[in-house]
Amino acid sequence: LTPNSDAVHQHYAMFLVARDRMDAALSQVQSAVAIDPASLNLRAAEGMVWHYAGNQGRAERTFLEVLAIDGRYSQARKGLVRTLLAGKQYAKVLGLMDGWAQGSSDPEDRFFLAARGVALAGTGQHQQARQIADRLLAGAKADGEVDAASVLVAIGDTSQALTLLQQAVAHRSARTLF
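All values derive from a computational prediction rather than experimental measurement. Each chain carries its own residue numbering, running from 1 in the written order of its sequence. pLDDT decides what is reported in this predicted model: residues at 70 or higher carry local features, side-chain atom pairs at 80 or more are listed and counted, and totals for whole chains, interfaces and linings draw on all residues regardless. Think of the side-chain values as coming from all heavy atoms in the structure, minus any hydrogens and water.

Asker: Quick question: what am I supposed to make of helix 3 (residues 40–53) here?
Answerer: Note: α-helices contain 3.6 residues per turn, so residues at a spacing of three or four share the same orientation. Helix length check: helix 3 (14 residues) gives 20 Å between terminal C-alpha atoms against 20 Å at 1.5 Å per residue, within 8%. Here helix 3 has its buried residues at Leu-40, Leu-42, Ala-44, Ala-45, Glu-46, Gly-47, Met-48, Val-49, Trp-50 and His-51. Each element contacted by the buried residues of helix 3 is listed here: helix 1 (6–18), helix 2 (22–35), helix 4 (56–69) and helix 5 (74–86). Just downstream of helix 3, Gly-54 is the residue with a positive phi angle, here 90°. Secondary structure elements are defined from DSSP: runs of H or I of at least 4 residues count as helices, runs of E of at least 2 residues count as strands, and each element is numbered from the N terminus. Working rule for helices: expected span equals 1.5 Å times residues minus one. In this scheme, a residue with accessible area under 20% of its type's maximum is buried, one over 50% is exposed, and one in between is partly exposed, where area comes from a 1.4 Å probe on protein chains only. Here a residue-residue contact requires only that any non-hydrogen atoms of the pair lie within 4.5 Å.

Asker: Can you walk me through helix 1 in this structure?
Answerer: Taking 1.5 Å of rise per residue, the 13 residues of helix 1 would be expected to cover 18 Å, and the 19 Å separating its terminal C-alpha atoms lies within 8% of that figure. The set of residues buried in helix 1 consists of His-9, Gln-10, Ala-13, Leu-16 and Val-17. Take helix 1 and look down its axis: the buried residues cluster within an arc of 120°, on one side only. At its buried positions, helix 1 is contacted by helix 2 and helix 3. Asp-20 occupies a position one or two residues after helix 1 and carries a positive phi of about 60°. Along the arc lie the directions from the helix axis toward the C-beta atoms.

Asker: I would appreciate a short explanation of the packing of aromatic side chains in the present structure.
Answerer: How two aromatic rings sit relative to each other is given by the distance of their centres and the angle of their planes. Within 6.5 Å between ring centres, the rings of Phe, Tyr and Trp (the latter by its six-membered ring) count as paired, and their orientation is classed by plane angle as stacked under 30 degrees, edge-to-face over 60, tilted in between. With the rule as written, the count across this model stands at three aromatic pairs. Relative to Phe-112, the ring of Trp-100 lies with its centre 6.1 Å away and its plane at 70°, an arrangement referred to as edge-to-face. Of the two residues, Trp-100 is situated in helix 6 (residues 90–101) and Phe-112 in helix 7 (residues 110–122); the sequence distance between them amounts to 12 residues. Take Trp-100 and Phe-112: they sit in the same class, and that class is buried. Ring-pair connections join several aromatic residues into one group, and the members of that group are Trp-100, Phe-111 and Phe-112.

Here is the structure:
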């Protein structure tokens, strides 16, 4: 690899994650961060590799470090939410997303809508989670079925979720990779 190209190291790290080679992926993303330690994008990518490697504590710390610099950095917010959901910290996810929504006039991102549905299901609010799944299905875009599938799994509707994921794979949705 080009030794001084942080982007090459970062993209290769994500390729290695997809190949389930976590130690090599961590090495590559850490090389990228060493080249440009001020890059929020690289630090967020490092957090994602920690997340995929199963070290949720390290991933959470990395995302929080990025958010301490730029509290609106989307990739760090998404990574933190994924990490907290993996740790079943559902109430914390809902609190963070409610705080981030304050004063925002932006339309709700489908990722965050699905994450809210999963967190609601995790806190036992299945009816509200089902409403979110229905909203995602009604407004399905190219990869909307993947977002809805995660909520459906969380509420226990694995049959419909599996059907949606099979359709996404058949349509070669890039979102089914991770």
